[in-house]
There are 2 protein chains.
Amino acid sequence: MIFRQLFDAESSTYTYLLASRPGGEALIIDPVKEKLRQYLALVEQLDVRLVKAIDTHTHADHVTALGDLRDRLGCVTVMGEFTKADCVSLHVRDEEIIDVDGVRLRALYTPGHTDESFSYALDPRAPKAVFTGDVLLIRGTGRTDFQNGDPRKSWDSIVNRLFRLPDETLVYPAHDYKGWTVSSIGEEKRFNPRIAGKTQAEYVQIMNALDLPDPKLMDIAVPANLACGETMPASG
Amino acid sequence: MIFRQLFDAESSTYTYLLASRPGGEALIIDPVKEKLRQYLALVEQLDVRLVKAIDTHTHADHVTALGDLRDRLGCVTVMGEFTKADCVSLHVRDEEIIDVDGVRLRALYTPGHTDESFSYALDPRAPKAVFTGDVLLIRGTGRTDFQNGDPRKSWDSIVNRLFRLPDETLVYPAHDYKGWTVSSIGEEKRFNPRIAGKTQAEYVQIMNALDLPDPKLMDIAVPANLACGETMPASG
């Protein structure tokens, strides 16, 4: 299988390109608009045909490349069923299977960071990896204080949904700020400082006390991402 | 196998932790001094015992954690036979095999970025991956204008040494500045813009024309790294 993890240093975003073989079809998860040229070059060099571009949720810290990839490569844009991004052409439901040339992902509705966040487990029968968006990060979790975030739902998505995947399932988040590239479900169960040894009530308290500033790009990124990455021309 | 790629955003350095199994022995390649706490935590959490810490070469852009890891965990420090870092306790020769609990690396003398740079091929009989230090980067190559760097030797190390590994061998460099995390020998043969379709003479011309500023930390990092990361106390 072809598997590429790509990093946008500006927003600390991880993007994932998956394909079963050279010459075959590919999908991409959480692409960043500014990295479009890199994706186009890589798709060509790896000799794959990008047929699906997935956003795990409506990002607030970077603008998505979904629309650009659709316009340039004709791929299908994908988000979860509860997104308000009407531009997206495929809305997946919980437990739905996405199959791209043998690369199979199971959609998991995992709200908490936003109310429309999905995770995607690779290889539904024997999960090898899970793309967790911003719900579960490595030794951290995504903030729950905007876009209808909810720390109770975040806990529930992580503990009662993602943590039921096998311990050896690799965890690939949409962001990392500390130099991690990958973890596993077993590790996060035991060592995620917000969750391991904590109760749901303690988690809610931790999340409600974070007091983070809004993402720099939020006022641009959220409306742009609801339009699949189409940014408004500057007025004036 | 346990395989972890770690990133130091400050110096854009990739560090690699490898072990055959939980409970077993581990080795680390190109650790960064500022990330010591992260390594110590990860080694404990993954339940491995770090027995070897390897620097591919004398880095000029960050301070190594080799000495700190030796002091804290008792691991053996490793560099190539031509390093001037006398603090290192194991100097490997070209083609020497390092075996850590079944994780086997073949040392490859690959000068060019410096005159003492080594690469390490994982699994000598059927190479799966190669750790290329700064000699071969993803879609780039390490500068050749200091520390007895030599563009002719860099070309020779890349084209006549690394490119003889199987095309599917994954390439894991010590640095990346553009958001790549991994490549393959086949990809770099075909798409490395400094090498693909070029002659050695053209490569030498490209490298000699780069005109890069010295790394910010060079005057601190090189002497510190010759002492396995021991930095001098500020005078005054």
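The following refers to the structure shown. (Residues numbered from 1 in each chain as written. Chains lettered and ligands numbered in written order. Predicted model: local features only at pLDDT ≥ 70, side-chain atom pairs only at ≥ 80, totals over all residues.)

Overview of the relation of the copies chain A and chain B
Right, so step 1: It takes a turn of 180° to lay chain A on chain B, together with a shift of 0.0 Å along the axis; the resulting RMSD is 0.0 Å. On this basis, the relationship between the two copies can be described by a two-fold rotation axis. Taking C-alpha positions as the reference, the residue of chain A nearest the rotation axis is Ala9 of chain A, at 4.1 Å.
Right, so step 2: A high fraction, 100%, of the interface residues of chain A reappear at the interface in chain B, so the copies pair face to face through one surface. (Least-squares fit on C-alpha atoms with pLDDT ≥ 70 in both. Contact = placed C-beta atoms within 7 Å.)

Some points on the pairing of strand β10 (residues 129–133) of chain A
All names here are of chain A.
Right, so step 1: Taking burial as the measure, the five residues of β10 include five buried ones, the bulk of the element.
Right, so step 2: Along β10, one buried face is formed by Ala129, Phe131 and Gly133 and the opposite face, lined by Val130 and Thr132, is buried too.
Right, so step 3: Looking at chain direction, strand β9 (residues 118–122) and β10 are connected through three bridges and run antiparallel. For Ala121, the partnering residue across the bridge sits in β10 and is Val130.
Right, so step 4: In this structure, the hairpin formed by β9 and β10 is closed by a connection of six residues, where Asp123 is found at a positive phi of approximately 65°.
Right, so step 5: Here four bridges tie β10 to strand β13 (residues 170–173), and the two strands are oriented parallel to one another. Across the sheet, residue Ala129 finds its bridge partner in β13, namely Leu170. (Buried ≥ 20, exposed ≤ 12 C-beta atoms within 10 Å, placed from the backbone. Helix = DSSP H or I, 4+ residues; strand = E, 2+ residues; numbered from the N terminus. Pairing = 2+ DSSP bridges.)

What about the environment of Met79 of chain B?
All names here are of chain B.
Right, so step 1: As for its position among the elements, Met79 is in strand β5 (residues 76–80).
Right, so step 2: In this structure Met79 comes out as buried when scored by C-beta crowding, with 28 C-beta atoms within 10 Å.
Right, so step 3: C-alpha of Met79 to C-alpha of Leu36: the two residues are 43 residues apart in sequence and 19 Å apart in space.
Right, so step 4: Among all residues touching Met79, those that are not within four sequence positions of it are Asp55, Ala85, Val88 and His91.

Some points on the interface of chain A and chain B
Right, so step 1: Taken residue by residue, the interface counts 15 residues in chain A and 15 residues in chain B.
Right, so step 2: Only β1 (2–8), α1 (36–45) and α4 (185–191) of chain A provide two or more residues apiece to the side of chain A that touches chain B.
Right, so step 3: Top contributing element to the side of chain A that touches chain B by residue count: β1 of chain A, with five residues.
Right, so step 4: In terms of residue class, the side of chain A that touches chain B is made up of six nonpolar, five polar and four charged. (Nonpolar A, V, L, I, M, F, W, Y, C, P; charged D, E, K, R; others polar.)

Some words on the environment of Leu42 of chain B
Residue and element names in this part refer to chain B.
Right, so step 1: Structurally, the position occupied by Leu42 is in helix α1 (residues 36–45).
Right, so step 2: Separated by 38 residues in the primary sequence, Leu42 and Arg4 place their C-alpha atoms 9.6 Å from one another.
Right, so step 3: Beyond its immediate stretch of four places on either side in the chain, Leu42 contacts Arg4 and Leu17.

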